[in-house]
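# Chains, contacts and geometry: an overview
Listed here are the chains, written in short residue letters.
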Amino acid sequence: MATRIHILEISYQVRFTKEAVNSSAIPAGTLEGGIPLLSTHPELRATLGALFSVKACILIITLIGCLSVCRFFCKVMCPLGAIYGLLNKVSIYHMECNKKTCASCGKCHNICPMDVDPVKNPNSAECIRCGKCVASCPKESLALKFVYGKKG
């Protein structure tokens, strides 16, 4: 019985941590809800606390990051991207690199908005499958394909 309670406590802690991170780290609610609500209801400004200050700081950092780094939110904060990234290894939509025809020119790595080198790691968790690297390859060594089963 003690083991079951311990597991439930850990499960609750993980859920609470995930919800706390998602609710405070994603700045969309502050931008789309908090700021407009405060600007139209002056009586609510007296209720501002430390959590709103933290969220406003996260929003400012995110805006600065988005203006200075390509796909900043995707690279640093997006929880959905993290989940999709984990599934890249088992996805049926794969990137393949023919290393025999690859010229190692680096064009694919230079054009990638997520800073992935598709020659070294074609199915990286960071890859968003935009296809820019495939289009930029002069030797057509990269390809995005549907793979339904194991080869061989």
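Structure report, in brief. (Residues numbered from 1 in each chain as written. Predicted model: local features only at pLDDT ≥ 70, side-chain atom pairs only at ≥ 80, totals over all residues. Heavy atoms only, no water.)

### Quick word on the pattern of salt bridges
Scanning the model with the defined rule gives two salt bridges in all. Here lysine 145 ties to glutamate 96 by a salt bridge, and the two come within 3.5 Å at their closest N and O atoms. Residue lysine 145 is located in strand S2 (residues 142–146), and its partner glutamate 96 is located in strand S1 (residues 93–97); the two are separated by 49 residues in the primary sequence. (Salt bridge = Lys/Arg side-chain N within 4 Å of Asp/Glu carboxyl O. Helix = DSSP H or I, 4+ residues; strand = E, 2+ residues; numbered from the N terminus.)

### Focus: the side chain of serine 136
Assignment of secondary structure puts serine 136 in helix H7 (residues 132–136). Using a relative accessible area of 19% as the deciding quantity, one classes serine 136 as buried. Engagement of the side chain of serine 136 in a polar contact is seen with the backbone oxygen of cysteine 133, the distance being 3.0 Å. Residues contacting serine 136, with those up to four places away along its chain left out, are Lys107, Cys108 and Ile111. (Buried < 20%, exposed > 50% of the residue type's maximum accessible area, 1.4 Å probe, protein only. Polar contact = N/O pair within 3.5 Å; in protein donor to acceptor, adjacent residues only side chain to side chain. Contact = heavy atoms within 4.5 Å.)

### Looking at unusual backbone geometry
We note that serine 104 has phi near 55°; this positive angle belongs to a residue other than glycine. Within the secondary structure layout, serine 104 lies in the loop between S1 and helix H6 (107–111). One non-glycine residue, arginine 129, adopts positive backbone phi at about 60°. Its place among the elements puts arginine 129 in the loop between H6 and H7.

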